[in-house]
Amino acid sequence: MRIDIVSIFVDYFAPLDLSLLGKARAGGLIDVHLHDLRTWTDDVHRTVDDSPYGGGPGMVMRAEPWWAALEAVTGEPGPAARPRIVVPTPSGRRFDQKLATELAAEPWLVFCCGRYEGIDARVIEAWADDEVSLGDYVLAGGEVATLVMVEAVTRLLPGVLGNAESARDDSFSGPGEQLLEPPVYTRPPEIAGRSVPPVLLSGDHGAIARWRDEQSRLRTAERRPDLLA
Ligand code: ADE
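Just so we're clear, the structure is a prediction, and the values are computed from it rather than from any experiment.

S.K.: Any chance you could break down unusual backbone geometry for me, citing the residues and the numbers?
M.R.: With omega at 5°, the peptide bond leading from arginine 187 into proline 188 counts as cis. Take proline 188: it is sitting in the loop between α6 (164-168) and β8 (190-191). Phi is positive for serine 19, which is not a glycine, with a value near 50°. With respect to the helices and strands, the residue serine 19 is situated in helix α1 (residues 19-26). Serine 19 sits in the exposed class, given a relative accessible area of 58%. Phi angles above zero are rare outside glycine, and arginine 46 is one such case at about 55°.

Below, the structure is given as structure tokens:
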């Protein structure tokens, strides 16, 4: 999968060199291209923002650099005729595991990281395939949201996770029911007076599977009843 990210703070993406993602990049499973939006400004101050038409607080990201950036990036020879273009914004549709799975099937994604009050709406209209929100809170810009989405999407790609089963067993991953994962334990069997549930030490795989399923249901009912509804 090819991933292009356009931002005025490309340093935000240093974590893409670490851990699973770093390995996936080094191993050629994902091909990440970072672009500084200011590359496509033409004034000495490399201005990317301007005041909003109609007045109001804050600044708006100018259409021209975004237009030039998207023309340049989408015009590069990529693994598809055209990438899927994603704009993180609190006014987008909610990001969830289903959308992560859908994006993981794309050969080429472009993330456009807005700052300030957002990107000129004509850029979004003309270019964006998806406007996506991580949740009902406001971040300082699209960079962290992009990191979240890139991690959620790329860990679904074949070969990125060490254990091929771990993604399938995740919370929210089931084809039908969406249950939270049960609690997990490792050695020692007791710490500070707290013991591992005995069934997990029983060696009875049927009983363990039933216990995990029951724990998933209890947790989901208690913490996320909306998932059961
Ligand atoms: N940019 C700012 N806030 C955001 C959010 N909640 N989700 C996605 N992108 C954002």
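S.K.: Outline the sheet that holds strand β1 (residues 2-7), supporting the account with residue identities and numerical values.
M.R.: One open sheet holds the five strands; their spatial order is β2-β1-β6-β5-β7, and the pairing between them is parallel. Looking at the sheet topology across the chains shown, the edges are occupied by β2 (31-36) and β7 (130-133). Strand after strand, the sheet turns through a mean of 30° between neighbouring axes, direction not considered. Looking at chain direction, β1 and β2 are connected through six bridges and run parallel. Along β2, the bridge assignment pairs valine 6 with histidine 35.

Conventions and cut-offs
- All chains use their own residue numbering, which begins from 1 and follows the written sequence.
- Thresholds applied to this predicted model are a pLDDT of at least 70 for local features of residues and 80 or more for the giving and counting of side-chain atom pairs; totals over whole chains, interfaces and linings are not thresholded and use all residues.
- The side-chain quantities take in all heavy atoms of the structure and omit both hydrogens and water.
- Secondary structure elements follow DSSP: runs of H or I of four or more residues count as helices, runs of E of two or more count as strands, with numbering from the N terminus.
- Only protein chains enter the accessibility calculation, which uses a 1.4 Å probe. A residue is then buried if its area is under 20% of the maximum for its type, exposed if over 50%, and partly exposed in between.
- Strand pairing is assigned whenever DSSP detects at least two bridges linking the two strands.
- Geometry is summarised by axes, namely lines fitted to C-alpha atoms with helices restricted to the contacting stretch, and by angles between N-to-C directions that run from 0 to 180 degrees.

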